[in-house]
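# Examining the three-dimensional arrangement
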Amino acid sequence: MIVAEGLRKAFINGEGQPVLAVDGVSLDAHAGEIVGLLGPNGAGKSTTMRMLSTLIAPDSGSARVAGHDVRSAPAEVRRSIGYLSASTGLFGRLTPREVLVYVATLQGCVDAEARAEASLDRFDIRKFGNVTCDRLSTGMKQKVSIARAVVHDPPVLIFDEPTSGLDVLVAQELFAFLEEARKRGRCVLYSTHIMGEAERLCDRVVVIHAGVVLASGTVAELRVRTGRERLEEVFVQLVRGHAP
Amino acid sequence: MSAAARVLWVILRSELRQHLRDPLTLVLMVIVPLVVYPLLGAGGSVVVKRSQEKADAEVLDVATEPAFALPDNLRRIDVPDLEAAVRDGTVMAAARRTTEGAEVWWDSREPDSLDARTRLRTALSKLRKREAARVVKTKDTMTNAERARQTAGGVLPLVLLFTLLTGGLYTALDVVTGEKERGTIETLLTTAVDRRLILGGKFLLVLSFTTLSTVLSGVSSWLSARYLLDIDLSAGVVTLAVLLFLPMAVLLSAVLTAAAAWASDFKSGQVLTTPVLVVPLLLAAGALLPGVALTPVTALLPVTGLALALREVVSGHGAPLPLAVGFVAHGAYAFGALILGSRLMGREDVILGSRGSSQRRLRGDYRADALTLFAIACLSLWFLGQTAQALDIRAGMAFTQVGLFLPLALATPWWLGLSIVDTLRIHRAPLREWLRAVVVGVSLPGLALCVGELVGLVLPAPSSLFEGMFPEDVPLWQLLLFFAVLPGICEELLFRGAFFGLWRSRGTPGLAVVVTALAFGFFHLSLFRFFPTMVLGVLLGFVSLRSRSVLPGMLAHALNNGLAMVALSYGWSLEFGWPMVVTAAVAVVALVLP
């Protein structure tokens, strides 16, 4: 469902110097699988996910999501994904119901209102469905954001550090939702720097550091490869081994 | 309804819903144009008028020598000494008629004294007019009602424009820049909708609000004029004025939305949109200048043309042709702004708030920076350089060259993180290239004369073209310094150095020479001088290209200008003829020689 080959992306930093944020990242993720993108802050996780979501274009390399090329068919890619990150905001002056109908309509759903109603129930947000988002608590807002990302029931979910700022209860609901999505054959790419989340959720992990993929495989395979037991130790071993 | 139109409608409807829930939007869109401006404008005028009437009704004591007719609100008192009577407060003002005119005394410490002085001066002026009227009788055919309408016609475009801009500015910043800050633009961009449609929907929202505020402002202006200021304005005239203004709403909504899209956050959005707020108001104020009238040509001037059209409509003198030209021209400008805006808005680096220029620069493309440099150089020349030269031509030239062009040329590569020496190509050149520069430089005046002659066949230059351009009675060395050496160095660094160096980052060097020459031609701000200076720019460009250095071009440029200064100083008249054609040919041959 997701196939990326040699993605590269550079930016200009504050001093006017080019910085390679992502340097030849290749990865894949399949239907019915949760793949974790693991890395410290600034590793290139978000840039990779933004390229896969067509928010930004890669400088080089290629990627296909749900069979669509991110360069030549960006609209089809976006229709096929549910994208969520800590920086995707909610329309503060709309109610959750209005947000869901709006996004479902823009995603081309002919039954936008029915989907919005179903999402209100699925994520248990019906009771504040008519309150403007500005007046919701952080946890409630995050629930609405998750509902917003998947209101059109896409085959691919790209979630970029979705638990940042979440309380434990909402985070547990999110995990339950993702596990259910996997059972329903959805492909999930999930970035985090919290090892516990990756250990619990991910079928495979891709460790990324300084824009480069250091290793990928199941958590068990990485344990064998590094000779470490805990995922934190595995991660530190891989990153230190790569450190210049 | 097509799929695109349906998406636009969905976005517009959602944006309208969000903004109508924002109290500030309602205040800016409805309350301000409908209530605040009439209160501030017409209400203020009424208050001033009434307090003036009250003050006028108060009778003040004055003294005059000899006695002459006074208005009812002045009472004459006989005093022995006029000045002393004013100083001790016996009278508020005093006047003595003399053979030359009149003397008036007043006391600036006493507020009523100013009023008394004004009334006395008016009385004296009327007296003088009555005496003059015995010789010449004049009568203004313009009625008071017509005068009032003319004044209203001058003010109405400014009122409409100000309302449109203040309302549109907040909406554009909130709907585009604000969404970047709140992260909701990313939410929209991850939907399947085309980016241009997303921004198109936002533009329609800005347009809806600017149109609404324009219409409300028109209504309130009509009510204020009719019921507060007693100006006889028909509703039909105001409706026509508002309709004429609609292309302006489209144009400025597109510009505001594009400026807001370019900004990465609210703060930079305010900085970017400030010129959009100020420049149209200044252009509209241009319609109030004496002697500026609506013609099919002036109707083409952006903003000014439409402001003139409005003035004519309101004062009842609008001829159909210039009005139609103004309307169509501004519709075309609006369409152009929309096309440019939609291209800008289709760029993800712009819409996401990341510096689009950074990505271009990453690819080594600095052509947009070259154009920005050119725009800044033009504005600094037109607004600062020419003002300084009008005050003092020599100091002004030195300021323009050394204070404006030189820093611009040096600062641009530094700002972009490029090598100043390499970008401007301040490199040594072999002796052969210096000799080539001498030959070309000496031949250039002849070439410019030939080009001017050819252009004159199509577009005859006025005989006064060069009149007043150079100062008279100035020593030759000063002419050479200010008009040859300094431009030779600074303009070459600016054009064949910085502009050429940035433009040639992409494309062929030959194209860069031509584009630089076009910019050099435009820069001289004269239709008649455009072609000669452009050809001059092409030759100087090739001198620079051949030598791989900006330095020989400086010599050629200084020689060209210097020869013209010598000719001016000695009163030589350079006429077109075979010698000039041969000289021009020498310049071209010198360039193609190996």
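Heads up: the structure comes first, above all this text.
Rules and cut-offs
- Residues numbered from 1 in each chain as written.
- Chains lettered and ligands numbered in written order.
- Predicted model: local features only at pLDDT ≥ 70, side-chain atom pairs only at ≥ 80, totals over all residues.
- Heavy atoms only, no water.
- Phe/Tyr/Trp six-rings, centres within 6.5 Å; stacked < 30°, edge-to-face > 60°.
- Helix = DSSP H or I, 4+ residues; strand = E, 2+ residues; numbered from the N terminus.
- Buried < 20%, exposed > 50% of the residue type's maximum accessible area, 1.4 Å probe, protein only.
- Lys NZ or Arg CZ within 6 Å of the ring centre and 35° of its normal.
- Contact = heavy atoms within 4.5 Å.
- Salt bridge = Lys/Arg side-chain N within 4 Å of Asp/Glu carboxyl O.
- Polar contact = N/O pair within 3.5 Å; in protein donor to acceptor, adjacent residues only side chain to side chain.
- Pairing = 2+ DSSP bridges.
- Axes fitted to C-alpha atoms, helices over the stretch in contact; angles between N-to-C directions.
- Core = buried A, V, L, I, M, F, W, Y, C linked by side-chain atoms within 4.5 Å.
- Patch = residues over 30% accessible without salt bridge, like charges linked within 9 Å, V, L, I, M, F, W, Y side chains within 5 Å.
- Areas by Shrake-Rupley, 256 points an atom, 1.4 Å probe, with all protein chains shown as cover.

### Re the packing of aromatic side chains
- Scanning the entire structure with this criterion turns up 7 aromatic pairs over all chains.
- Considering the side-chain rings of B:F374 and B:F499, the 6.1 Å spacing of their centres and the 70 degrees angle between planes classify their relative orientation as edge-to-face. With B:F374 in helix 14 (residues 367–391) and B:F499 in helix 18 (residues 476–503), this residue pair connects regions lying 125 residues apart in the sequence.
- Judged by relative accessible area, which is 2%, B:F499 ranks as buried.
- Geometrically, the ring pair formed by B:F499 and B:W503 is stacked, given 6.1 Å between the ring centres and 10 degrees between the ring planes. With B:F499 and B:W503 both in helix 18 and 4 residues apart, the pair spans about one turn of that helix.
- When its relative accessible area of 14% is taken as the criterion, B:W503 is described as buried.
- Three or more aromatic residues joined by ring pairs form one cluster here, namely B:F405, B:F495, B:F520 and B:F523.
- One cation-aromatic arrangement involves A:R122 over A:F123; the distance from NZ or CZ to the ring centre is 5.1 Å.

### Some thoughts on the interface of chain A and chain B
- The interface is formed by 32 residues belonging to chain A together with 30 residues belonging to chain B.
- Where chain A packs against chain B, one counts 5 salt bridges.
- Between A:R93 and B:D174 there is a salt bridge, with the nearest N and O atoms lying 3.1 Å from each other.
- Across the chain A-chain B interface, the total number found is 13 residue pairs in polar contact (both at pLDDT 80 or more).
- Ranked by residues supplied to the side of chain A that touches chain B, first place goes to helix 3 (residues 96–106) of chain A with 5 residues.

### Overview of the pattern of salt bridges
- All chains considered together, the criterion is met by 36 salt bridges over all chains.
- The partner of A:E98 in a salt bridge is B:R17, with the nearest N and O atoms 3.8 Å apart. Here A:E98, found in helix 3, pairs with B:R17, found in helix 1 (residues 3–20), and the two come from separate chains.
- Relative accessible area serves as the criterion here: at 17%, A:E98 is assigned to the buried category.
- Residue A:D153 pairs with A:R184 through a salt bridge whose shortest N-O separation is 3.6 Å. Residue A:D153 is located in the loop between helix 5 (138–150) and strand 7 (156–160), and its partner A:R184 is located in the loop between helix 6 (168–183) and strand 8 (187–192); the two are separated by 31 residues in the primary sequence.
- Using a relative accessible area of 40% as the deciding quantity, one classes A:R184 as partly exposed.
- Connected through salt bridges with shared partners, the residues A:R122, A:D153, A:E180, A:R184 and A:R186 form a single ionic network.

### A closer look at the pairing of strand 3 (residues 93–97) of chain B
Residues and elements named next belong to chain B.
- Examined bridge by bridge, strand 1 (residues 60–65) and strand 3 share 4 bridges and lie parallel to one another. Counted as the bridge partner of E65 is R96 from strand 3.
- Pairing analysis gives 5 bridges linking strand 3 to strand 4 (residues 102–106), with the strands arranged antiparallel. The residue bridging R96 from the neighbouring strand is E103, located in strand 4.

### Here's the deal with the sheet that holds strand 10 (residues 212–217) of chain A
All names here are of chain A.
- What the 6 strands build is an open sheet, ordered 6-7-8-3-9-10; its pairing is mixed. Since the sheet does not close on itself, it has two edges, and those belong to strand 6 (81–85) and strand 10, each with one partner. Sheet twist, expressed as the average angle between the axes of neighbouring strands with direction ignored, equals 15 degrees.
- As paired strands, strand 3 (residues 33–38) and strand 9 (residues 204–209) are joined by 4 bridges and run parallel to one another. Bridge pairing in strand 9 links G36 to V205.
- The sheet contacts of helix 1 (residues 45–52) involve strand 3, strand 6, strand 7, strand 8 and strand 9, and relative to strand 8 the element is tilted by about 150 degrees.

### Description of the nonpolar core
- Ranked by internal contacts, the top residues of the largest apolar core, which has 105 residues, are A:I2, A:L52, A:F159, A:L178 and A:Y190.
- In terms of residue count, the dominant contributor to this core is helix 6 of chain A (7 residues).
- Listed in part, the 45 residues of the second largest apolar core include B:L416, B:C490, B:F495 and B:A556.

### Some thoughts on the pairing of strand 1 (residues 2–12) of chain A
All names here are of chain A.
- Sheet topology note: the strand 1/strand 2 (residues 18–29) ladder contains 9 bridges and is antiparallel. Its bridge partner lying in strand 2, I12 is registered against P18.
- Sheet topology places strand 1 next to strand 4 (residues 60–65); 5 bridges connect them, and they run antiparallel. Note that in strand 4 the partner of V3 across the bridge is R64.

### Some points on unusual backbone geometry
- B:P66 follows B:E65 through a cis peptide bond whose omega is -15 degrees.
- Take B:P66: it is sitting in the loop between strand 1 and strand 2 (74–76).
- Positive phi, close to 55 degrees, is recorded for A:A66, a residue that is not glycine.
- Judged by relative accessible area, which is 23%, A:A66 ranks as partly exposed.
- A positive phi angle, close to 50 degrees, is found at A:A210, a residue other than glycine.

### Quick word on a nonpolar patch on the surface
Residue and element names in this part refer to chain B.
- Together, L24, V27, I31, L34, V35, V36, V215, V219, L223 and Y227 make up a nonpolar patch on the protein surface, roughly 780 Å² of accessible area in all.
- Listed by contribution, the elements that provide at least two residues to the nonpolar patch are helix 2 (23–57) and helix 7 (195–228).
- The topology assignment puts Y227 in helix 7.

Shape is all these values report; function is a separate question.
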